[in-house]
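Summary of the model geometry
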Amino acid sequence: MIIIGEKINGTIPSVGKAIAAKDADFIRNLAKVQAEAGANFIDVCASVEDSLELETLKWLIDLVQEVTDTPIAIDSPNVRIFAEAIKYCNKPGLINSVSMEGDKVEVVFPLIADTKWECAALLCDDTGIPQNAEKSLEVFTSLMKKAKEYNIDPSRLHIDPLVQMLCTSEVGINNVVEVIKEIKAQYPTIHITGGASNISYNLPARKLVNQAFIVLAMNAGMDSAIIDPLNRDMMGMIYATEALLGEDEYCMEYIGAYREDKFGVKK
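Attention in this report is confined to the structure presented alongside it. All of these numbers come straight from a predicted model, not from anything done at the bench.

1. Description of a nonpolar patch on the surface
A contiguous nonpolar surface patch, about 440 Å² in accessible area, is contributed by Y250, M252, Y254 and I255. Residue placement: Y250 occurs in the loop between α9 (232-244) and α10 (252-259). Judged by relative accessible area, which is 68%, Y250 ranks as exposed.

2. Describing the packing of aromatic side chains
Applying the stated criterion across every chain, the model contains five aromatic pairs. Seen in terms of ring centroids, F109 and Y150 are 6.5 Å apart; in terms of plane orientation they differ by 75 degrees. Their pairing is edge-to-face. Residue F109 is located in helix α5 (residues 104-112), and its partner Y150 is located in the loop between α6 (133-149) and β6 (157-160); the two are separated by 41 residues in the primary sequence. Here F109 and Y150 have matching classes, each one buried. Note on Y254 and F263: the rings are 4.9 Å apart at their centroids and 45 degrees apart in plane angle, and the pair reads as tilted. What makes Y254 partly exposed here is its relative accessible area of 31%. Given the relative accessible area of 6%, F263 is considered buried. What links up through ring pairs into an aromatic cluster is the set Y239, Y254, Y258 and F263.

3. A look at the pairing of strand β1 (residues 2-9)
Along β1, six of the eight residues are buried, which leaves the element largely enclosed by surrounding structure. Note that β1 and strand β8 (residues 224-227) share four bridges and pair parallel. Residue I2 lies in a different strand from β8, and its bridge partner there is S224. In this structure, β1 lies alongside strand β2 (residues 41-45), joined through four bridges in parallel fashion. Residue G5 lies in a different strand from β2, and its bridge partner there is I42.

4. As for α5
Listed as buried for α5 are V105, V108, F109 and I112. One side of α5 holds all its buried residues, which, seen down the axis, span an arc of 95 degrees.

5. Some remarks on helix α8 (residues 206-220)
The end-to-end C-alpha separation of α8 is 21 Å, in line with the 21 Å expected for 15 residues at 1.5 Å each. Among the residues of α8, V209, N210, Q211, F213, I214, A217, M218 and A220 are the ones counted as buried. Packing partners of the buried residues in α8 comprise α7 (174-186), β8 and α9. G221 occupies a position one or two residues after α8 and carries a positive phi of about 135 degrees.

6. Some details on the packing of α9 against α10
Interaxial distance between α9 and α10 falls to 8 Å at its minimum, and their mutual angle equals 155 degrees. Here α9 lies roughly antiparallel to α10, going by the angle between them. Handedness of the crossing formed by α9 with α10: left-handed. When α9 is examined against α10, the residues G236, Y239 and A240 are found in contact with a partner set consisting of E253, Y254 and A257. Considering only residue class, the contact of α9 with α10 consists of four nonpolar, one polar and one charged.

Rules of the game
Residues numbered from 1 in each chain as written. Predicted model: local features only at pLDDT ≥ 70, side-chain atom pairs only at ≥ 80, totals over all residues. Heavy atoms only, no water. Patch = residues over 30% accessible without salt bridge, like charges linked within 9 Å, V, L, I, M, F, W, Y side chains within 5 Å. Areas by Shrake-Rupley, 256 points an atom, 1.4 Å probe, with all protein chains shown as cover. Salt bridge = Lys/Arg side-chain N within 4 Å of Asp/Glu carboxyl O. Helix = DSSP H or I, 4+ residues; strand = E, 2+ residues; numbered from the N terminus. Buried < 20%, exposed > 50% of the residue type's maximum accessible area, 1.4 Å probe, protein only. Phe/Tyr/Trp six-rings, centres within 6.5 Å; stacked < 30°, edge-to-face > 60°. Pairing = 2+ DSSP bridges. Arc of directions from axis to C-beta. Expected span 1.5 Å × (residues − 1). Contact = heavy atoms within 4.5 Å. Axes fitted to C-alpha atoms, helices over the stretch in contact; angles between N-to-C directions. Parallel < 35°, antiparallel > 145°, perpendicular 65-115°, else oblique. Left-handed = near helix turned anticlockwise from the far one by under 90°. Nonpolar A, V, L, I, M, F, W, Y, C, P; charged D, E, K, R; others polar.

Put into structure tokens, the structure is as follows:
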């Protein structure tokens, strides 16, 4: 499982406060502990007003790179900011994110076409978030045509089927599972990602729902997730599920992660 550490995000009150106060030590520590917990990318989202976003992203990226060489996931709703923000990164990371809305693909795909940067791609377009699997797959087909046009290998894409709240769904995650399975059947090397916590909004004991979702989604083919790598229960569930799915030979990754104190009762 590719872990995209979600904790450096200005929408989180404590992080927003640290960004406003320019508390560098707070940000450095968040980067360091996520990397140590097993994050493959450190997501960096400023969540400030437009005029301050690029400056803030640079500050955050610099702080992260002071304490870890884990690649950066640049997270912004403004796709035009990526062209400048990637200049601050020491190595290729992840663009988070693009979609078929407006000209987003036309801005981002040429930017990363001849690089090793990866990209999270949301399955939505100008009509909004699809409400069924058929529409999601139509958006996916259009997205992959653009990826082929810019010679972007499927293995560099992290497709987000846009998991919605379970409490407003009449079919649970059946549509999402169908979409994941079909995408992986068409493109075995492509990645499927998403924010695990989206599923549990407005429900009690959210962590339980999030963990159950991860198990079901991984069984369908999800291999990338935007999560809190400091959540030991979630990390343990991921390692255990990989072992149960036969993706961890002789459970060596599971055993190694336990010995490294990445899940279970903290030693």
